[in-house]
Amino acid sequence: MLRRQIPATVACLVLAIIAPFFSGYAVGVLVHLVALAIAAVGLDLIISRANMLSFSHAAFMAIGAYVSVILMRNGWEFIFAALVGIASAAIAGFLLAIPASRLSGFSFALVTFAFSAVVTGLAAGSQLISIAGGESGLSVPPGKLFGLNLFNPHTLFYMALVLLLATMLVCTTLIYSRTGRAFRTMKESEAVAVALGVNVAGMKIGVFALSAGIAGVGGVVLSQALGAISAPTFSLEQSTILVAAVTVGGLGRSLGPLVGITIFVLLPEIFQGLQDYSALVFAAVFVVTLIVAPNGVVGLVTSFPSSVRQILARKGEGPGGFGTQTPSLSSDNSSKVAS
Amino acid sequence: MTGSILDVRQASVHFGGVVAVDEVNLAVGAGSTHAIIGPNGAGKTTLLNAISGLVPLSGGEVLFEGAPLNKLRARQRARLGVVRTFQNPALIDALTVRENIQVGLYTQTKSSSFEEALGLPRALRREREARARADAVLEELRIPVEGSTPVGALPLGLRKAVDIARAWVAKPKLLLLDEPTAGLDESEIGEIESALARVKGEISVVVIAHHLDFVMRLADEVTVLEFGRVIANGPPTEVRSDPAVIAAYIGAADDD
């Protein structure tokens, strides 16, 4: 199970090793990337394993960010403010999922879409202006964690990286646990899951709340990276980019969220001159990836060696092919199917 | 019936104006194998769905060990020991045979999702126990496949066998099998039959099947449905010679 985590762990280690050689600005971009990757890991969990398409994950990031920042501005220590912010995002996910878990597919996605609009509307609107700062948003007090100043981009980066690794580890452990198998069965067929004793509605609510909480972690990290937060940072567009990123990276692949977010964070950096056309670039990347690599960039790369092996094997075997014999139930125990 | 584990009394299921199951009575003895047969559209799967709680009854009642099930949801019935399989097994292709069978132990594994997500010792211990139990069931049913084989690589016969193992692993009191032989060749049907014969008498089984020889060899009692109604009920030899059954079912098969 944990070996599936090796590629992502190696990627994080590489980032950790090269980070000291980067400028403050570049590390700031990396923190931004890691914060979004954390939220993307949570989003990938529900899309790829539980078939729940969410357009509200930037809104959960907003809840984590706004709650922690508001508490810090009221004198709370960063660690406690962050924990309450993350819990708030999880609770919001829990409350949203209670009615939404009765829906599926397109209807579920629409509800999350509406939720996102409500959250960003509240954050930017005049109703909560005294708390959330309206359109101008809030400045973020620099946090301190165990005596370390998170205002330092390198310190913040390493904290973010540890959180990303921990999040990926928790998600992988869960996916291959009893609970994970249950919600993966639910994805295949809710009737089968129910008939095996799984509380499908409870499972959906639980996994969605966890996913929202993880997005909240991303939100807290992002708020520290930006130094100021406002509603557009967590807009519906951001939620859509998260969905696009996990799809482009490769749904259900441990490296998928990180690779997808890297592509979508680095693209604007690379195409700075095309600001007005950035949406076109995003759309083009999304469409081309879906056509060329339906299993995402990671899926394409990981399937490449086996495709080459198959082509080489076909050449070696001739037109007859190989390995076409499938195991039969009628064979005896001595001819067990090899794994 | 005295000693029956399942009593279906005057059970009806209506879908709008369509009567799928019409006042069906059925009694399954403890430890017996009860087959339900009938032509396509006779209401067999709908009856199984009603027993397992996936569709509500429009009338009548279902008693399990003497207690009514009507107000219990499907997952609550599963926790009581009423477990079923499906025509389409809906296994998780990305997981191994062992992991798929472990899903059947969902209700019996005592660890929380929190413990599992953090990989705490109790969750890991329970996981090891579940893995061993899944392997033991593969041996018990003599399913010729390694536990570590990805399910996506299996042919239909083995998928059906893994589906039965997934239901069997929880040691249910009543096992409902929906068309376990559909789409299988003779040798695969023979293997499914052997697996069920090995555990016969240990639990009660209700099985829907089209394959008459399979039913006649395996079942202690057979109920025949046509247009949602029971047209015959009794021991296999008796049912096979029933003129109504010959006309409605066997005759139709001969016509084919």
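To keep things clear, this report deals only with the structure shown in the data block.

About the thresholds
Residues numbered from 1 in each chain as written. Chains lettered and ligands numbered in written order. Predicted model: local features only at pLDDT ≥ 70, side-chain atom pairs only at ≥ 80, totals over all residues. Heavy atoms only, no water. Salt bridge = Lys/Arg side-chain N within 4 Å of Asp/Glu carboxyl O. Helix = DSSP H or I, 4+ residues; strand = E, 2+ residues; numbered from the N terminus. Contact = heavy atoms within 4.5 Å. Polar contact = N/O pair within 3.5 Å; in protein donor to acceptor, adjacent residues only side chain to side chain. Pairing = 2+ DSSP bridges. Core = buried A, V, L, I, M, F, W, Y, C linked by side-chain atoms within 4.5 Å. Buried < 20%, exposed > 50% of the residue type's maximum accessible area, 1.4 Å probe, protein only.

1. Things to note about the pattern of salt bridges
Two side chains with opposite charge may pair up if their charged atoms get near one another.
Line of reasoning, step 1. What the rule picks out here adds up to 18 salt bridges over all chains.
Line of reasoning, step 2. Put simply, E140 of chain B and K171 of chain B hold a salt bridge, and the shortest N to O gap is 3.0 Å. Placement of E140 of chain B in helix α5 (residues 121-140) and of K171 of chain B in the loop between α6 (156-168) and β7 (174-178) is noted, with a sequence separation of 31 residues between them.
Line of reasoning, step 3. Linking E193 of chain B and R217 of chain B is a salt bridge whose minimum nitrogen-to-oxygen distance equals 2.7 Å. Remark: R217 of chain B occurs in helix α8 (residues 212-218) and E193 of chain B occurs in helix α7 (residues 186-198); sequence separation between them is 24 residues.
Line of reasoning, step 4. Shared partners join several salt bridges into a network, and the residues in it are R181 of chain A together with E127 and R131 of chain B.

2. A look at the interface of chain B and chain A
Line of reasoning, step 1. Of the residues lining the interface, 47 residues belong to chain B; the matching set on chain A comes to 33 residues.
Line of reasoning, step 2. Counting across the interface, chain B meets chain A through two salt bridges.
Line of reasoning, step 3. Of the charged contacts, one joins R181 of chain A and E127 of chain B as a salt bridge, the two residues approaching to 3.0 Å between their closest N and O atoms.
Line of reasoning, step 4. At the surface where chain B touches chain A, the tally comes to six residue pairs in polar contact (both at pLDDT 80 or more).
Line of reasoning, step 5. Mapped onto the side of chain B that touches chain A, the elements with two or more residues apiece are α2 (74-80), β6 (82-84), α3 (97-103), α4 (113-118), α5, α6 and α7 of chain B.

3. Here's the deal with the sheet that holds strand β1 (residues 4-15) of chain B
All names here are of chain B.
Line of reasoning, step 1. One open sheet accounts for four strands, arranged β2-β1-β4-β5; its pairing is antiparallel. In the strand order of this sheet, the two ends are held by β2 (18-29) and β5 (67-68), each with one partner.
Line of reasoning, step 2. Across eight bridges, β1 lies against β2 in antiparallel orientation. Following the sheet pairing, F15 is matched in β2 by V18.

4. Considering the nonpolar core
Line of reasoning, step 1. The biggest cluster of nonpolar side chains holds 109 residues, and the ones touching the most others in it are F60, F157, L164, F234 and I261 of chain A.
Line of reasoning, step 2. Counting residues per element, this core draws most heavily on helix α2 (residues 24-50) of chain A, at 18 residues.
Line of reasoning, step 3. Excluding residues that lie within four positions of it along the chain, F157 of chain A makes contacts with L15, A16, A19, V27, L30, V31 and V34 of chain A.
Line of reasoning, step 4. Counting 53 residues, the second-largest nonpolar core is a separate cluster that includes A195 of chain A together with A134, A165 and V199 of chain B.

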